[in-house]
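Now for the letters of each chain:
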Amino acid sequence: GENVEQHPSTLSVQEGDSAVIKCTYSDSASNYFPWYKQELGKRPQLIIDIRSNVGEKKDQRIAVTLNKTAKHFSLHITETQPEDSAVYFCAASFTAGNNDMRFGAGTRLTVKP
Amino acid sequence: GAGVSQTPSNKVTEKGKYVELRCDPISGHTALYWYRQSLGQGPEFLIYFQGTGAADDSGLPNDRFFAVRPEGSVSTLKIQRTERGDSAVYLCASRGTGRNEQFFGPGTRLTVL
């Protein structure tokens, strides 16, 4: 089955700097890669996703890149703000199947003011 | 519109007891997922429903866990003979037909003493 690994487990940046979180997946059939943000005690919230037919997607300060050959994808947050502090999870799924997601272990991002 | 809701928000029980956790998906969403999230980890897939049927229950850890969705809307996750290792946050997510995005509920924090 699918195995998703995520790095780093913790990341601390200064406000205004960029943050990059990386994930690798094992199942070449996976074709949908969402990123979720989870604040303490709250539900995971989808922030951006990418399908395997594109290599990059951007939404304001957030972007995701995908390298299908290497089976890795990354989340990029620019001009970080303290409210970006949270745990971020990557996930992978196969949309023609059940679409159940396999999650990485999470990255705790801290943005220092 | 209303998002995914889950009840109770917290459940404390004693080892060996039976518990039921409820999920109310977004109206019209035919796909429903249960995940379990342990402290410091990403959500772990348990079971997927398409309509009333459990299309994939491969993530259920053992036969103490089962789930139902009799009318294709509300789902109940049932855990028999609870063990301390069952303590976790149980998350429910739903997905609309033809869509990839899964929307999570707030979770039920289960504590087994």
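Parameters at a glance
Residues numbered from 1 in each chain as written. Chains lettered and ligands numbered in written order. Predicted model: local features only at pLDDT ≥ 70, side-chain atom pairs only at ≥ 80, totals over all residues. Heavy atoms only, no water. Contact = heavy atoms within 4.5 Å. Buried area = accessible area lost by both parts, 1.4 Å probe. Salt bridge = Lys/Arg side-chain N within 4 Å of Asp/Glu carboxyl O. Helix = DSSP H or I, 4+ residues; strand = E, 2+ residues; numbered from the N terminus. Pairing = 2+ DSSP bridges. Axes fitted to C-alpha atoms, helices over the stretch in contact; angles between N-to-C directions. Polar contact = N/O pair within 3.5 Å; in protein donor to acceptor, adjacent residues only side chain to side chain. Buried < 20%, exposed > 50% of the residue type's maximum accessible area, 1.4 Å probe, protein only. Disulfide = S-S within 2.5 Å.

### Here's the deal with the interface of chain B and chain A
How large an interface is tends to be reported as the accessible area lost when its parts come together.
In step 1: Of the residues lining the interface, 21 residues belong to chain B; the matching set on chain A comes to 18 residues.
In step 2: Buried area between chain B and chain A, both sides added, is near 1600 Å², and the carbon and sulfur share of it is 50%.
In step 3: Inspection of the region where chain B meets chain A yields zero salt bridges.
In step 4: Listing elements by their share of the side of chain B that touches chain A, those giving two or more residues are β4 (31-37), β5 (44-50), β6 (53-56) and β9 (88-95) of chain B.

### Here we look at the sheet that holds strand β7 (residues 62-67) of chain A
All names here are of chain A.
In step 1: Here we have five strands laid out as an open sheet, ordered β1-β3-β8-β7-β6, and antiparallel in their pairing. With one partner strand each, in any of the chains shown, β1 (4-7) and β6 (56-59) form the two edges of the open sheet. In this sheet, neighbouring strand axes are inclined to one another by 15° on average, regardless of whether the strands run parallel or antiparallel.
In step 2: Of the pairings in the sheet, the one linking β7 to strand β8 (residues 72-77) comprises six bridges and is antiparallel in character. Of the residues in β8, the one forming a bridge with V64 is L75.

### Some points on the sheet that holds strand β1 (residues 5-7) of chain B
Residues and elements named next belong to chain B.
In step 1: The strand order across the open sheet built from four strands is β1-β3-β8-β7, with neighbouring strands paired in antiparallel fashion. What marks the edges here is a single partner per strand, and that holds for β1 and β7 (65-68). Neighbour to neighbour, the strand axes of the sheet diverge by 20° on average, direction disregarded.
In step 2: Sheet topology note: the β7/strand β8 (residues 75-79) ladder contains four bridges and is antiparallel. Each residue of the ladder has a partner; that of A67, found in β8, is L77.

### A few points about the side chain of Q37(B)
In step 1: Mapping Q37(B) onto the fold places it in strand β4.
In step 2: Looking at Q37(B), its side chain comes within polar contact range of the side chain of Q38(A), at 2.9 Å.
In step 3: Here Q41(B) takes part through its backbone oxygen, which lies 2.9 Å from a polar atom of the side chain of Q37(B).
In step 4: Discounting chain neighbours no more than four positions away, the residues touching Q37(B) are Q38(A), F89(A), G42(B), P43(B), A88(B), V89(B) and L91(B).

### A closer look at the pattern of salt bridges
Where side chains of opposite charge bring their charged atoms close, a pairing between them can arise.
Residues and elements named next belong to chain B.
In step 1: What the rule picks out here adds up to 10 salt bridges over all chains.
In step 2: A salt bridge links E20 to K78; the shortest N-O distance between them is 3.9 Å. A residue pair is termed long-range when its members are at least 10 positions apart, and E20 in strand β3 (residues 19-24) and K78 in strand β8 qualify at 58 residues.
In step 3: Residue classification places K78 among the buried residues on the basis of a relative accessible area of 17%.
In step 4: A salt bridge links D24 to R22, with the shortest nitrogen-to-oxygen separation between them at 3.7 Å.
In step 5: By relative accessible area, which is 26% here, D24 ends up partly exposed.
In step 6: A relative accessible area of 39% means that R22 is categorised as partly exposed.
In step 7: Each of R64, E83 and D86 takes part in one network of salt bridges that share partners.

### So, the state of the cysteines
In step 1: The full count for this structure, using the stated rule, is two disulfides over all chains.
In step 2: Sulfur-sulfur distance for the disulfide between C23(A) and C90(A) comes to 1.9 Å. Judged by the sign of its S-S torsion, about -100°, the bond between C23(A) and C90(A) is left-handed. Residue C23(A) is located in strand β3 (residues 19-25), and its partner C90(A) is located in strand β9 (residues 86-92); the two are separated by 67 residues in the primary sequence.
In step 3: For C23(A), a relative accessible area of 1% puts it in the buried group.
In step 4: Here C23(B) is linked by a disulfide to C92(B), with a sulfur-sulfur distance of 1.8 Å. Here C23(B) and C92(B) share a disulfide; its torsion about the S-S bond, -65°, makes the bridge left-handed. Residue C23(B) is located in strand β3, and its partner C92(B) is located in strand β9; the two are separated by 69 residues in the primary sequence.

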